[in-house]
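# Structural description and commentary
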Amino acid sequence: MSQGSDPYIFTSDSLPADPRFLPPLANGLLGWRVYSDVMHMGGVYNGEGGHCHRADVPCPLAVKVETEDPAQHSYTLNTHTGIFSHTLTSASVSVSQSLYAHRFYPNIMVMEVLLARQVTSAEPLTVFLDTSFTPQSKDIVFEVGPDYKGGRHIRGQTTTAEFPGGSCPEVHLIWTPVPPAVTLLPEQAKARWGFLLVVANSSDAAEALYDEGLSLMATGDLRPSHEKAWKELWLQSEVEVKGSDGLCRALVGCLFYLLSAFPSIHDTSGSFGGVSPGGLSNGGDGQDYWGHVFWDQDIWVYPGIALFYPRLARAVLEYRVGTVDGARDNAQKQGYKGLKFPWESAVSGREVCSEDIYGQQEIHINGDVALAFQQYLYLTEDVSVFTEGKGSEVVFGVADYWVSRVTWQPEDQSYHLLGVMPPDEYYSNVNNSVYTNAAAKLRWQCWYFSVLFAAVCEDRFVKIAPLLVSLQFAVKLADLLQHPAPKEWQDVAERIKIPFDSESQYHPEFDGYTKDQPVKQADTVMLGYPLHLPMPAEVRRNDLEAYEPVTDPKGPAMTWGMFAIGWLELGEAERSERLLEKCFRNIQGPFQVWSESPDGSGAVNFLTGMGGFLQAVLFGYTGFRVQKGRLAFSPLLPGDICELCVRGVNYLGSQMDWLFRKEEVCIIVREEERRARNAKTHKLEVVLKASGVEIPLTPGQPVTFPREAGCVRKMESTSSCWPL
């Protein structure tokens with residue numbers, strides 16, 4: 001394996017021995033692992049209930065290039081452009097095969113083959129295109145349609161709906177036929193061949209998109225439009241470090257694969273199918289969690305994306321809004337009110353987990369979904385997702401579920417959640433999972449959010465900022481509007497039990513847990529982050545020390561990022577670094593593809609692990625915390641990391657570029673022409689915690705100050721004590 005100096009380019013002279021670690025190419029709608037004869041389309045599942053899985057779609061671009069003469073091989077994933085290439089160089093010919101899932105036109109995938117002579121010759125040169133494609137699928141009954149403008153056409157429908165009475169989606173493929181070989185004629189020094197693949201849900205859409213692809217190809221704009229879309233994405237997010245090339249490559253790989261799971265920032269179709277742990281390239285029958293959407297999307301993947309891309313964050317929320325009817329059905333089947341989001345979700349929001357116990361007991365998913373909505377609100381102050389976007393249905397529905405699910409215990413005068421499974425899935429049917437209860441209490445705060453959204457829905461809500469600063473004001477405003485929150489919402493939020501061992505000064509994972517019991521993954525340590533449960537530093541430390549030695553070293557990849565964040569909170573950068581280094585064992589092969597477990601087993605292209613790792617840097621090294629009315633920071637760089645650059649942080653409509661060094665921090669707010677034209681922006685300032693110094697942030701003008709905790713917030717006045 002060889003690695004160049006550019007951390008965005010992953011190159012090797014051989015492919016991984018395990019084909020599961022070949023790089024996936026995806027664009028939020030289509031996903032494919034290079035050379036595989038199977039691909040997937042977002043939102044296209046086959047099978048009912050627990051048998052539901054991503055439908056396998058045959059891929060006509062499953063082609064390997066071969067030469068007659070011996071050749072040197074080079075395989076490159078360029079994450080700048082989202083293009084995978086295979087280069088063969090022999091004595092007579094240079095061959096380049098390029099593959100990409102179009103970033104702007106998500107229904108299109110492309111293969112390009114370029115041949116160039118190495119020496120002048122009057123002989124034709126032939127290169128073979130070996131394909132494993134067959135126009136068949138075990139999930140879709142295809143029939144051959146009429147050729148369209150030289151393209152082959154098959155059309156079909158999945159065999160089994162997600163639930164009785166549900167629909168079976170159609171799938172149409174039109175593609176450029178791939179010949180067994182291409183030949184460079186004697187008079188040609190070089191030549192290029194382009195092969196289009198279009199996948200759509202109707203014949204009309206497939207034909208229109210194929211026309212678009214042919215037009216782009218004819219004008220030479222097919223590849224440039226794809227590369228332009230990736231360039232635009234990267235301009236809005238960048239996370240780079242100095243001091244560790246391996247860490248820098250890992251961060252680039254994480255962001256690339258995570259972004260590949262999301263639609264274009266210009267997408268307005270509303271058809272986003274959510275993010276599954278293995279992404280769109282995986283998830284067939286019995287594979288990589290069947291392509292279902294879990295809490296992984298809302299807790300592990302979402303925060304790192306939301307910090308840069310409010311439009312993509314909103315797509316996640318819109319996916320959850322689109323599953324409200326199914327969530328309501330889940331709650332009713334369990335005998336409760338409101339909404340119970342499924343532990344495993346496909347299209348409808350009905351539970352599709354094959355084992356009932358998870359869907360019945362892993363109810364922390366409701367708090368995880370609510371946290372994503374809250375984080376979006378704090379980052380953007382965009383209430384339209386709760387009004388026009390019907391996000392208020394999610395907020396109210398989750399509140400109703402918690403109220404109907406708890407049990408009052410007069411012995412300790414608190415509400416209990418009985419018979420649950422915590423995030424640590426080694427245990428089930430426990431009472432008062434501390435993470436689940438805290439997610440219900442803190443990250444939900446049902447009475448506060450319901451008050452806020454009741455005011456919004458009455459169209460009498462004018463200013464959001466005061467409510468974000470003061471919950472008491474929210475209650476008074478609701479009373480003024482004669483739309484008060486139900487009393488029981490506030491009562492449950494205030495009186496739900498949070499297990500705590502006062503003798504040992506730590507949080508037991510659930511009622512009856514003892515310190516020596518093994519733990520599968522991060523659970524209680526997530527109280528500090530991302531749940532932000534208030535606690536003294538001593539208790540935070542005790543939680544970390546109690547659970548670190550008993551956490552399964554073979555557990556899922558995202559765990560150690562949460563421990564790393566915890567130790568960074570306590571100022572122990574080197575201890576944090578040792579734990580974060582464990583994550584590198586989950587990175588397989590030259591293309592930075594993650595496995596769920598360090599031995600390579602479990603889900604592959606494990607976006608959940610990538611999301612946790614990315615958060616360890618984005619919210620650990622920087623100390624970023626998304627809070628009411630402010631974006632807090634408390635930076636600390638470990639070990640050899642001398643510089644961290646985070647570009648494109650999107651807060652209240654402004655994009656900020658941050659530079660963290662050992663002893664100083666620099667922030668620059670991007671000038672308006674570089675920000676989204678339709679984004680509402682506010683004047684911002686930095687407030688340093690220890691000194692109370694207020695520093696205005698003027699677009700285009702960098703501000704540098706000594707490393708110290710503080711926050712970015714709306715500017716409260718035009719005056720400033722910052723020396724000019």
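Just so it is clear, the structure is predicted and the values come from calculations on it, not from any experiment.

## Quick notes on the overall build of the protein
The helix and strand tally for the protein stands at 18 helices and 32 strands. Here the protein has a C-alpha radius of gyration of 26 Å; the compact-globule value for 724 residues is 27 Å, and the two agree. Its C-alpha atoms put the protein at 90 × 65 × 55 Å along the principal axes. Long-range contacts, defined as pairs at least 24 residues apart, comprise 65% of the intrachain contacts of the protein with a sequence gap of at least 6. When the accessible surface of the protein is summed, it comes to about 27,400 Å², and 50% of that surface belongs to carbon and sulfur atoms. For the protein, the centre of its 60 positive side-chain charges and the centre of its 87 negative side-chain charges are spaced 5 Å apart.

## Let's talk about the confidence of the model for the protein
Per-residue confidence for the protein gives a mean pLDDT of 91; residues scoring 70 or more make up 91%. Confidence drops under pLDDT 50 across residues 717–724; counting only partners more than four residues distant or on other chains, this segment forms 11 contacts.

## Some thoughts on the packing of aromatic side chains
Inspection of every chain in the model, using the stated rule, returns 34 aromatic pairs. Here the aromatic cluster, defined as three or more aromatic residues joined through ring pairs, consists of Y289, F294, W295, W300, W343 and Y435. The ring centre of W230 lies 5.4 Å from the NZ or CZ of R103, which sits over that ring. A cation sits over an aromatic face here: K515 above Y506, 4.7 Å from the ring centre.

## As for the packing of helix α2 (residues 222–235) against helix α3 (residues 245–260)
The relative placement of two packed helices comes down to the angle between their axes together with the axis-to-axis distance. Between α2 and α3, whose axes approach to 12 Å, the crossing angle comes to 120°. As the angle between them shows, α2 and α3 are arranged oblique. α3 is crossed by α2, and the crossing has right-handed handedness. Facing W230, L233 and W234 of α2, the residues of α3 in contact are V252, L255, F256, L259 and S260. Per-class residue counts for the contact of α2 with α3 are 7 nonpolar, 1 polar and no charged.

## Some remarks on the sheet that holds strand β31 (residues 703–706)
Taking strand neighbours across the sheet as the criterion, the 5 strands line up as β19-β26-β27-β28-β31 in an open arrangement whose pairing is antiparallel. Since the sheet does not close on itself, it has two edges, and those belong to β19 (238–242) and β31, each with one partner. Each strand axis lies, on average, 20° off the axis of its neighbour in the sheet, ignoring direction. For strand β28 (residues 664–669) and β31, the ladder comprises 4 bridges, and the chain directions are antiparallel. Along β31, the bridge assignment pairs I667 with V703.

## A closer look at the sheet that holds strand β24 (residues 625–627)
One open sheet accounts for 5 strands, arranged β24-β25-β32-β29-β30; its pairing is antiparallel. In this open sheet, the two strands that pair with only one neighbour each are β24 and β30 (694–697). Taking the axes of each pair of neighbouring strands and ignoring which way they run, one obtains an average angle of 25° across the sheet. As paired elements, strand β29 (residues 684–688) and strand β32 (residues 710–714) share 5 bridges and run antiparallel to each other. Pairing of V687 across the sheet is with C711, part of β32.

## So, the nonpolar core
Counting residues in each nonpolar core, the largest one holds 195 residues, and the members touching the most others are M656, W658 and V712. Here this core gets 11 residues from one element, more than from any other, and that element is α3. Contacts of M656, omitting those with residues within four sequence positions, involve L631, V646, R647, G648, V649, Y651, I667, I668, V669, L684, L697 and V712. By size, the runner-up hydrophobic cluster in this structure holds 15 residues, among which are Y100, Y105, Y210 and L216.

## Side note on the side chain of Q97
Relative to the helices and strands, Q97 is located in strand β11 (residues 93–101). On the basis of relative accessibility, which here comes to 0%, the residue Q97 falls in the buried class. At 2.9 Å, the side chain of Q97 forms a polar contact with the backbone oxygen of V63. Sequence-distant contacts of Q97, defined by excluding residues within four places in its chain, comprise Y35, V63, V65, F84, S85, H86, M111 and E112.

## Regarding the pairing of strand β4 (residues 38–41)
For strand β3 (residues 30–33) and β4, the ladder comprises 3 bridges, and the chain directions are antiparallel. Following the sheet pairing, G31 is matched in β4 by H40. The loop that links β3 with its antiparallel partner β4 comprises 4 residues; one of these, Y35, has a positive phi angle of about 75°. As judged from the 2 bridges shared by β4 and strand β7 (residues 57–58), these two strands associate in the antiparallel manner. Following the sheet pairing, V38 is matched in β7 by P58.

## As for the pattern of salt bridges
The final tally for this structure, using the stated rule, is 33 salt bridges. In this structure, K714 and E381 form a salt bridge, with 2.9 Å as the shortest nitrogen-oxygen distance. In this pair, K714 is assigned in strand β32 and E381 in the loop between α8 (364–380) and α9 (391–405), connecting sequence segments 333 residues apart. By relative accessible area, which is 15% here, E381 ends up buried. As a salt-bridge pair, R670 and D657 come within 3.0 Å of each other at their nearest N and O atoms. In this pair, R670 sits in the loop between β28 and β29 while D657 sits in strand β27 (residues 654–661), placing the two residues 13 residues apart along the sequence.

## Topic: helix α16 (residues 559–569)
Each α-helix winds once per 3.6 residues, and so residues spaced three or four apart point in a common direction. Among the 11 residues of α16, 10 are classified as buried, and the element is accordingly described as predominantly covered. Of the positions making up α16, those classed as buried are T559, W560, G561, M562, F563, A564, I565, G566, W567 and L568. Buried residues in α16 make contact with α4 (295–306), α15 (537–547), α17 (573–580), α18 (607–621) and β24. Just downstream of α16 lies G571, where phi reads positive at about 80°.

About the criteria used
Residues numbered from 1 in each chain as written. Predicted model: local features only at pLDDT ≥ 70, side-chain atom pairs only at ≥ 80, totals over all residues. Heavy atoms only, no water. Helix = DSSP H or I, 4+ residues; strand = E, 2+ residues; numbered from the N terminus. Rg over C-alpha atoms; globule rule 2.2 N^0.38 Å. Contact = heavy atoms within 4.5 Å. Areas by Shrake-Rupley, 256 points an atom, 1.4 Å probe, with all protein chains shown as cover. Lys, Arg positive; Asp, Glu negative; His and termini not counted. Charge placed at Lys NZ, Arg CZ, Asp CG, Glu CD. pLDDT = per-residue confidence, 0-100. Phe/Tyr/Trp six-rings, centres within 6.5 Å; stacked < 30°, edge-to-face > 60°. Lys NZ or Arg CZ within 6 Å of the ring centre and 35° of its normal. Axes fitted to C-alpha atoms, helices over the stretch in contact; angles between N-to-C directions. Parallel < 35°, antiparallel > 145°, perpendicular 65-115°, else oblique. Left-handed = near helix turned anticlockwise from the far one by under 90°. Nonpolar A, V, L, I, M, F, W, Y, C, P; charged D, E, K, R; others polar. Pairing = 2+ DSSP bridges. Core = buried A, V, L, I, M, F, W, Y, C linked by side-chain atoms within 4.5 Å. Buried < 20%, exposed > 50% of the residue type's maximum accessible area, 1.4 Å probe, protein only. Polar contact = N/O pair within 3.5 Å; in protein donor to acceptor, adjacent residues only side chain to side chain. Salt bridge = Lys/Arg side-chain N within 4 Å of Asp/Glu carboxyl O.

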